[in-house]
Amino acid sequence: MYVPLLVNGNHWISMCVNFVTLSIEVFDCGGPKHNKDLEPFAHLIPRIVKAVQSSEKRGFTVKPYDVTYAPMPLFLNKPSSDCGVYALKHLEAHLLGMDLTLVNDDNIREARQKIAYDLWEAANDPELISRMGKFIPPKATTSPTVEIL
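Conventions adopted
Residues numbered from 1 in each chain as written. Predicted model: local features only at pLDDT ≥ 70, side-chain atom pairs only at ≥ 80, totals over all residues. Heavy atoms only, no water. Helix = DSSP H or I, 4+ residues; strand = E, 2+ residues; numbered from the N terminus. Expected span 1.5 Å × (residues − 1). Buried < 20%, exposed > 50% of the residue type's maximum accessible area, 1.4 Å probe, protein only. Contact = heavy atoms within 4.5 Å. Patch = residues over 30% accessible without salt bridge, like charges linked within 9 Å, V, L, I, M, F, W, Y side chains within 5 Å. Areas by Shrake-Rupley, 256 points an atom, 1.4 Å probe, with all protein chains shown as cover. Salt bridge = Lys/Arg side-chain N within 4 Å of Asp/Glu carboxyl O. Pairing = 2+ DSSP bridges. Axes fitted to C-alpha atoms, helices over the stretch in contact; angles between N-to-C directions. Parallel < 35°, antiparallel > 145°, perpendicular 65-115°, else oblique. Nonpolar A, V, L, I, M, F, W, Y, C, P; charged D, E, K, R; others polar. Core = buried A, V, L, I, M, F, W, Y, C linked by side-chain atoms within 4.5 Å.

- Under an unreviewed UniProt entry, the chain has the name Ubiquitin-like protease family profile domain-containing protein and belongs to Brassica cretica.

Encoded structure:
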């Protein structure tokens with residue numbers, strides 16, 4: 001599961017939650033560690049997984065996921081204004097099995113422009129506009145509350 005995450009209200013990082021290896025890999029172009037922001041995920045995700053499992057598989061022990069940081073070059077994101085683009089591009093590179101060093105200051109401006117263009121294009125796509133205009137949200141269902149221990 002890929003997750004972009006805003007930390008400290010001003011910096012974007014991203015995470016890859018691996019349910020097989022019970023780990024979280026963090027991609028942070030800024031370098032500093034954000035353990036206090038990631039610790040809740042390391043503890044909460046396994047509890048959610050246990051809560052939604054079928055009753056015959058609920059016996060497994062809940063332990064926090066291991067959190068590791070993907071290696072990043074020093075002094076990445078020199079202008080300090082493209083962390084959101086880095087967060088998205090790191091997820092994309094990881095998903096596609098590409099080397100993360102391909103995402104760097106030399107090409108981040110073009111990546112930012114490409115993301116902006118893709119969003120603009122989607123916002124002006126007649127088919128997408130038509131589908132969004134016809135969308136009816138599903139009715140909310142009520143179900144018993146599950147307590148996550």
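## Describing helix H2 (residues 83-95)
Okay, so step 1: Taking 1.5 Å of rise per residue, 13 residues should cover 18 Å, and H2 covers 18 Å from first to last C-alpha, within 8% of that figure.
Okay, so step 2: Taken residue by residue, H2 has Cys83, Val85, Tyr86, Ala87, His90, Leu91 and Ala93 as its buried positions.
Okay, so step 3: On the buried face of H2, the contacting elements are strand E1 (2-7), strand E2 (11-18), strand E3 (23-27) and helix H3 (108-123).

## Quick word on a nonpolar patch on the surface
Okay, so step 1: A surface patch of nonpolar side chains, amounting to about 500 Å² of accessible area, comprises Tyr2, Leu95, Leu96, Met98 and Leu102.
Okay, so step 2: Of note, Tyr2 is situated in strand E1.

## Quick look at the pairing of E2
Okay, so step 1: The element E2 is largely enclosed, with a buried count of 6 among its 8 residues.
Okay, so step 2: In this structure, E1 lies alongside E2, joined through 6 bridges in antiparallel fashion. The residue of E2 that forms the bridge with Pro4 is Ser14.
Okay, so step 3: The loop that links E2 with its antiparallel partner E3 comprises 4 residues; one of these, Leu22, has a positive phi angle of about 55 degrees.

## Details of the packing of H2 against H3
Okay, so step 1: At a closest axis distance of 10 Å, the pairing of H2 and H3 adopts a crossing angle of 85 degrees. With respect to H3, the axis of H2 lies roughly perpendicular. Residues Val85, Tyr86, Leu88 and Lys89 of H2 form the contact with H3, whose participating residues are Ile108, Ala111, Arg112 and Ile115.
Okay, so step 2: Its residues assigned to classes, the contact of H2 with H3 shows 6 nonpolar, no polar and 2 charged.

## Structural notes on the pattern of salt bridges
Okay, so step 1: On inspection of all chains with the given rule, the structure shows 6 salt bridges.
Okay, so step 2: Salt-bridge contacts for Lys89 lead to Glu92; the nearest nitrogen and oxygen are separated by 2.4 Å. Of this pair, Lys89 and Glu92 both sit in helix H2, 3 residues apart, which is roughly one turn of that helix.
Okay, so step 3: Classification of Glu92 by relative accessible area gives partly exposed; the value is 36%.

## Description of the nonpolar core
Okay, so step 1: Residues Phe27, Cys29, Tyr86, Leu100, Val103 and Ile108 are the most contacted members of the largest nonpolar core, which totals 14 residues.
Okay, so step 2: Taken together, the elements giving at least two residues each to this core come down to H2 and H3.
Okay, so step 3: The leading source of residues in this core is H2, at 5 residues.
Okay, so step 4: Each residue touching Phe27, except ones within four places of it in the same chain, is listed here: Ile13, Ser14, Met15, Cys16, Ala70, Met72, His90, Leu91, His94 and Leu100.

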